[in-house]
Amino acid sequence: LMKTGRGEMLGKTYKSEAFMGRLGHQLATNRILIQFASFLSQEIPIRLAHRIRDLDQVPILRDMHAVQQVKAIYIRSFLEMIDFPPILNSNDEQKFAHMLGDLYTKHSGVLVQMAKGAYELREGIRSGDINVSKDVDDDFSLESLIDCHRCLDRFYMSRIGIRVLAGQYLAMRQEPQNNYIGMICQKTSPSAVVREAAANVTKLCTERYGRAPEVQLIGRLDLTFPYIPTYLHYIVLELLKNALRATCEKFELSSSLPPVVVVIADGTDNEDVVIKITDEGGGIPRSQIEKIWSYLYTTAGSSLQKAVFSGKDHSDMSPMAGLGYGLPISRSYARYFGGDIDLMSMDGHGTDVFVYLKRLGDTKEPIPV
Ligand code: W6P
């Protein structure tokens, strides 16, 4: 469903003349907004329905209180959307926008709520209330936890998609900003995004540890490409938090801190944009690497659990802090937009994180061979 939905969206609408070309910085025309709203009024309820069914079919997960609350929000939203009459004119479109805007806000707590559910589950496993055994015949086998994890992955991926579509539509109804089409900035500057995220994280880190390592920025500082800066910001913020924290904790007793180095590169043939974040914060044991991507298996009690600062993050992700969710969610974001995140660690020395970003369009003029 995600594939068809997104494909249709990108094929029919984003690439249409009005969206990418002639629109320039004018406000989207009423015709385009009606078209977009009609598309969303059909597409979103379908996506919600798939999530509702999916959450219902996964043992353990479906019984979690937090998950049932989330499901209730999804069901209410689904009903509200399918009750909405066809969007035929600008008046309908405006009403739809208001409804969708309200839904968008109602859903902002969903990520945190699901994270709490997973956290409960994790604690349940740790305390033994939920028994995890390698025996597949057990009620709660490893197999079923893997199913939970996969379901959560689908859920978060779907959620990003819905929010990007809704966010794009709602943004297109606002006064346009220079270089922007909705939420998409045609000239997203990775270096500017990193600098801003670094400033935020440096502040948090200083509040928490009394100091912060320098964040050095090298490579293609001039590079710009079409992307949604807010999502890139989340990703980089999350990774920098981990890098700075690891550095501060490893060098707790030293007078100076090794810098965190960020390199920005762009691949050949206009393919990927890559951001590498290097810290000398001691790294992660190889045996623990898989766990950092897990919604369910955060290594409780170890320093990895503290891989995020607690409660001081001012971003949208704020209440996530301490729940150990930043990395897997960031990777879902990167993947949703066609990229990925990889992490290489030298235990005892430090960590390299690679963020691969696919350009959301063709910025460079094709050069004849
Ligand atoms: C660490 C652990 C980690 C996770 C993500 C990004 C950077 C780092 N550094 O030590």
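Residues numbered from 1 in each chain as written. Predicted model: local features only at pLDDT ≥ 70, side-chain atom pairs only at ≥ 80, totals over all residues. Heavy atoms only, no water.

**Q** I'm lost on the site of the ligand in this one. Help?
**A** Around the ligand, the surrounding shell consists of Leu239, Asn242, Ala243, Ala246, Asp279, Ile284, Leu327, Leu343, Thr351 and Val353. Aspartate 279 has a polar side-chain atom sitting 2.8 Å from a nitrogen atom of the ligand. Protein chains bury 98% of the 270 Å² of accessible surface belonging to the ligand in isolation. Of all the secondary structure elements, the ones that give two or more residues to the shell around the ligand are α9 (229-250) and β8 (350-358). It is α9 that provides the largest number of residues to the shell around the ligand, a total of 4 residues. Looking at the shell around the ligand, its residues break down into 7 nonpolar, 2 polar and 1 charged. (Near = heavy atom within 4 Å. Polar contact = N/O pair within 3.5 Å; in protein donor to acceptor, adjacent residues only side chain to side chain. Areas by Shrake-Rupley, 256 points an atom, 1.4 Å probe, with all protein chains shown as cover. Helix = DSSP H or I, 4+ residues; strand = E, 2+ residues; numbered from the N terminus. Nonpolar A, V, L, I, M, F, W, Y, C, P; charged D, E, K, R; others polar.)

**Q** Help me out: how do you make sense of the pairing of strand β5 (residues 260-266) in this one?
**A** The side chains of a regular strand alternate between the sheet's two faces. Alternating positions in β5 separate cleanly, Val260, Val262, Ile264 and Asp266 being buried on one face and Val261, Val263 and Ala265 remaining unburied on the opposite face. Relative to β5, strand β3 (residues 215-219) is paired through 5 bridges, and the arrangement is parallel. Note on β5: the bridge partner recorded for isoleucine 218 is valine 263. What sits between β5 and strand β6 (residues 272-279) in their antiparallel hairpin is a turn of 5 residues, with aspartate 269 showing a positive phi close to 55°. (Buried < 20%, exposed > 50% of the residue type's maximum accessible area, 1.4 Å probe, protein only. Pairing = 2+ DSSP bridges.)

**Q** Could you clarify how one ought to interpret the packing of aromatic side chains in this entry?
**A** Aromatic rings considered in pairs are described by the distance between their centres and by the relative angle of their planes. Enumeration according to the criterion identifies 16 aromatic pairs in this entry. For the ring pair phenylalanine 155 and tyrosine 156, a centre distance of 5.7 Å and an interplane angle of 80° mean the geometry is edge-to-face. Given a relative accessible area of 1%, phenylalanine 155 falls into the buried group. Residue tyrosine 156 is classed as buried on the basis of its relative accessible area of 2%. (Phe/Tyr/Trp six-rings, centres within 6.5 Å; stacked < 30°, edge-to-face > 60°.)

The values are spatial; any link to function lies outside them.
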